[in-house]
Amino acid sequence: MTVNPLSLVAATALIGAPSYESALPLVWTPLSELPGGLRREQLNDDNLRVLAAVALLDETRGPTVNDEAGAIDAEIGRLNQKLNLVIDLLGFLIAQQSSTQPPARVRLSWQGAVFVGTQALGASGFLSLNLHRSVPQSFVWPARISHIDGEERHARFAPFSDALQTALERHVFLRHRRAIAGTRRSGGV
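Residues numbered from 1 in each chain as written. Predicted model: local features only at pLDDT ≥ 70, side-chain atom pairs only at ≥ 80, totals over all residues. Heavy atoms only, no water.

Visitor: Summarise the nonpolar core; cite the residues concerned and give the values.
Guide: By size, the foremost hydrophobic cluster in this structure holds 29 residues, and its most contacted members are Leu131, Phe139 and Phe157. Excluding residues within four positions of it along the chain, Phe139 makes contact with Asn47, Val50, Leu51, Leu127, Ser128, Leu129, Leu131, Phe157, Phe160, Leu164 and Leu168. (Core = buried A, V, L, I, M, F, W, Y, C linked by side-chain atoms within 4.5 Å. Buried < 20%, exposed > 50% of the residue type's maximum accessible area, 1.4 Å probe, protein only. Contact = heavy atoms within 4.5 Å.)

Set out below in structure tokens:
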């Protein structure tokens with residue numbers, strides 16, 4: 001039996017926090033020092049927009065009780081599906097035009113990420129992740145390699161603003177919860 005090392009949650013970047021594993025385009029850009037001040041504020045704003053776009057695209061509507069409102073909701077649902085198709089097609093076209101990295105196995109929490117790489121212990125860099133195929137802008141945040149386990153690199157994120165931390169926690173929690181629900185459905189747990 002082969003064990004996927006990324007599925008083991010012994011990562012220092014993921015201690016005590018929900019996480020999820022996915023195939024995401026990932027880029028590590030080395031830094032001589034972690035950015036601060038205005039650059040950090042700009043990254044906070046940019047990443048809040050990325051996470052808001054991902055949350056909007058991941059949003060699903062539940063069933064309604066009222067029959068009259070149900071017809072309106074059904075029509076809105078059909079329009080929503082058509083709009084989602086347009087967004088997916090636009091994302092696909094943008095992805096074809098851009099030079100994105102091929103997806104790599106990543107375990108992500110709000111504290112950091114675990115991925116396969118060649119970075120040295122203590123190395124600083126920008127970790128860029130495309131969190132949704134229809135959102136062309138990447139989530140980019142400074143991180144430091146805090147642990148190495150074979151080829152795996154455990155990158156710990158630099159501190160966030162409160163708003164960005166909350167948004168990333170929400171994103172990770174929802175993906176974590178979906179992964180658990182998918183496991184239960186497929187495994188009969």
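Visitor: Let's hear about the pairing of strand β3 (residues 112-116): which residues, and what values?
Guide: Among the 5 residues of β3, 4 are classified as buried, and the element is accordingly described as predominantly covered. Where strand β2 (residues 103-108) lies against β3, 3 bridges are found, and the strand directions are antiparallel. Counted as the bridge partner of Leu108 is Ala113 from β3. The hairpin formed by β2 and β3 contains 3 residues between the paired strands. (Helix = DSSP H or I, 4+ residues; strand = E, 2+ residues; numbered from the N terminus. Pairing = 2+ DSSP bridges.)

Visitor: Any chance you could break down the sheet that holds β3 for me, citing the residues and the numbers?
Guide: One closed barrel holds the 6 strands; their spatial order is β1-β2-β3-β6-β5-β4, and the pairing between them is antiparallel. The average undirected angle you get between the axes of adjacent strands in this sheet is 50 degrees. Looking at chain direction, strand β5 (residues 139-149) and strand β6 (residues 152-157) are connected through 6 bridges and run antiparallel. Across the sheet, the residue bridging to Asp149 is Glu152, located in β6. Packed onto the sheet, helix α1 (residues 37-58) meets β4 (124-129) and β5 and runs at close to 95 degrees relative to β5. (Axes fitted to C-alpha atoms, helices over the stretch in contact; angles between N-to-C directions.)

Visitor: Please set out the packing of aromatic side chains residue by residue, giving values where relevant.
Guide: For the coordinates displayed, the defined rule picks out 4 aromatic pairs. Centroid distance Phe139 to Phe157: 6.1 Å. Interplanar angle 70 degrees. Geometry classified as edge-to-face. Linking Phe139 in strand β5 with Phe157 in strand β6, this pair joins segments that are 18 residues apart in sequence. Phe157 shares its class with Phe139; the two are buried. The rings of Phe139, Trp141, Phe157 and Phe160 are connected pair by pair, giving a single aromatic cluster. (Phe/Tyr/Trp six-rings, centres within 6.5 Å; stacked < 30°, edge-to-face > 60°.)

Visitor: I'd love a proper account of the environment of Gly117, names of residues and values included.
Guide: One can find Gly117 in the loop between β3 and β4. As a C-alpha pair, Gly117 and Ile148 span 31 residues in sequence and 9.4 Å in three-dimensional space. Not counting chain neighbours up to four residues away, the residues in contact with Gly117 comprise Glu151 and Arg153.

Visitor: I'd love a proper account of the pattern of salt bridges, names of residues and values included.
Guide: Inspection of the entire model under this criterion finds 6 salt bridges. A salt bridge links Asp58 to Arg175; its shortest N-O distance comes to 2.6 Å. Taken as a pair, Asp58 in helix α1 and Arg175 in helix α3 (residues 162-187) lie far apart in primary sequence, 117 residues in all. Summarising the burial analysis for this pair, Asp58 and Arg175 share the class buried. (Salt bridge = Lys/Arg side-chain N within 4 Å of Asp/Glu carboxyl O.)

Visitor: Tell me about α1, and please be specific about residues and values.
Guide: Here α1 spans 32 Å end to end across 22 residues, near enough to the 32 Å set by a 1.5 Å rise per residue. Within α1, the full set of buried residues consists of Arg40, Leu43, Asn44, Asp46, Asn47, Val50, Leu51, Val54 and Asp58. (Expected span 1.5 Å × (residues − 1).)

Visitor: Go over the confidence of the model for the protein chain, please, and point to the residues and values.
Guide: Close reading of the predicted structure is inappropriate where its pLDDT is low. Put simply, the protein chain has an average pLDDT of 83, and 79% of its residues get 70 or more. Segment residues 1-11 is flagged for pLDDT under 50; beyond a separation of four residues in sequence, or across chains, it makes 16 contacts in the model. (pLDDT = per-residue confidence, 0-100.)

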